[in-house]
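# Chains, contacts and geometry: an overview
Read off the chains here:
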Amino acid sequence: MKIIITKNYEELSKVAANEMAETIKSNPKAILGLATGGSPIGMYKELIRMNKEGEIDFSTITTVNLDEYIGLSGEHTQSYRYFMNDNLFNHINIDKKNTYVPNGLAENIEEECKNYDAKIADLGGTDVQLLGIGNNGHIAFNEPDQELVAGTHLTGLTEDTIKANARFFDSIDEVPKTALTMGLGGIMKSKKIIVIASGEGKAEAVKAMVNGKISTNMPASMLQMHRDVVVIIDEAAAKLL
Ligand code: PGA
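Treat the numbers as computed from the prediction; the structure is a model and nothing was measured.

Conventions used here
Residues numbered from 1 in each chain as written. Predicted model: local features only at pLDDT ≥ 70, side-chain atom pairs only at ≥ 80, totals over all residues. Heavy atoms only, no water. Axes fitted to C-alpha atoms, helices over the stretch in contact; angles between N-to-C directions. Helix = DSSP H or I, 4+ residues; strand = E, 2+ residues; numbered from the N terminus. Parallel < 35°, antiparallel > 145°, perpendicular 65-115°, else oblique. Left-handed = near helix turned anticlockwise from the far one by under 90°. Contact = heavy atoms within 4.5 Å. Nonpolar A, V, L, I, M, F, W, Y, C, P; charged D, E, K, R; others polar. Expected span 1.5 Å × (residues − 1). Buried < 20%, exposed > 50% of the residue type's maximum accessible area, 1.4 Å probe, protein only. Polar contact = N/O pair within 3.5 Å; in protein donor to acceptor, adjacent residues only side chain to side chain. Patch = residues over 30% accessible without salt bridge, like charges linked within 9 Å, V, L, I, M, F, W, Y side chains within 5 Å. Areas by Shrake-Rupley, 256 points an atom, 1.4 Å probe, with all protein chains shown as cover. Salt bridge = Lys/Arg side-chain N within 4 Å of Asp/Glu carboxyl O. Near = heavy atom within 4 Å. Core = buried A, V, L, I, M, F, W, Y, C linked by side-chain atoms within 4.5 Å.

### A word on the packing of helix α1 (residues 9-26) against helix α2 (residues 41-52)
One can describe the packing of α1 onto α2 by two numbers: an axis separation of 8 Å at closest approach and a directional angle of 55°. The orientation of α1 with respect to α2, classified from their angle, is oblique. In the crossing of α1 with α2, the sense of the turn from one axis to the other is right-handed. Contacts between α1 and α2 involve Y9, S13, K14, A16, A17, N18, M20 and A21 from the former and I41, G42, M43, E46, L47 and M50 from the latter. Here the residues of the contact of α1 with α2 sort into 9 nonpolar, 3 polar and 2 charged.

### Observations concerning α1
Over its 18 residues, α1 runs 26 Å from end to end, which matches the ideal 26 Å to within 8%, given 1.5 Å per residue. Those residues of α1 lying buried are L12, S13, A16, A17, E19, M20, A21, T23 and I24. Packed against the buried residues of α1 are β1 (2-6), β2 (31-34), α2, β6 (128-131), β9 (192-197) and β10 (229-234). Measuring from the side-chain oxygen of the N-cap residue of α1 to the backbone nitrogen of E10 gives 3.3 Å; that N-cap residue is N8.

### Describing a nonpolar patch on the surface
Residues M1, I3, I5 and L241 make up a contiguous nonpolar surface patch of roughly 320 Å² in combined accessible area. Position of I3 among the secondary structure elements: in strand β1.

### Considerations on the site of the ligand
Taken together, G37, G38, S39, G132, I133, G134, H138, R167 and K202 are the residues near the ligand. S39 places a side-chain nitrogen or oxygen 2.5 Å from an oxygen atom of the ligand. In the environment of the ligand, an oxygen atom lies 2.5 Å from a nitrogen or oxygen atom belonging to the side chain of K202. If the ligand stood free it would expose 280 Å²; the protein chains cover 83% of that surface.

### Re the nonpolar core
Formed by 57 residues in total, the largest nonpolar core has its most connected members in M20, L32, Y44, L47, F58, L88 and I187. Looking at this core, the element that brings in the most residues is α1, giving 6 residues. Other than its neighbours up to four places away in sequence, F58 contacts I24, L32, L47, N51, I92, N93 and I94. Counting 10 residues, the second largest nonpolar core, distinct from the first, contains Y69, L72, V175 and A179.

Right, here's the structure in full:
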């Protein structure tokens, strides 16, 4: 793992955007694995700026997102499809037909998961996968558990995650309890992985990801087994390293 420690969130966002931009510049047809949540918002702003200033071109880029809440349509303001449109896709020259997010309203969940994995395989896998990390060490919605699942699957969210995500909803009762998520297999198959984390609240999870024992109870620790991971964290998140 390559660790980059930045002064603050603003610098983290710039460094992460530059990493992503490198992939885009070196391969105009790159497949980008993208993530939602508070962590990547600054990075997406930076990518939008670079695109507007002509530094990077998204016209032939494809994106694949990690996860989506069950029961929310793409128009729901808390769905991850809405998040991606609002924070990135609506502001760059990407063809939305080339942006994939699991369908949280799929009638046949099993089929949706199978098709999502088939789509990723068809694209040749992701060239780079962006990840945040949960306070509890989850990546995407792969929550700490006795066992982890390789493929895209339906999962329940832990109380920790529901609490952490309640900040985006009017009340905690509105946070969906289940989601579709790419599995550890899908994530680990990416050629390169970028993990971003900011703030003291992430320090324990970051320490366990970087230095802890590899355990399904700390899904981010699995990343120690990947050959090309860049961890970009601010000083607060790096506090326990
Ligand atoms: P955050 O979430 O970026 O909103 O902190 C990260 C995660 O839960 O994976």
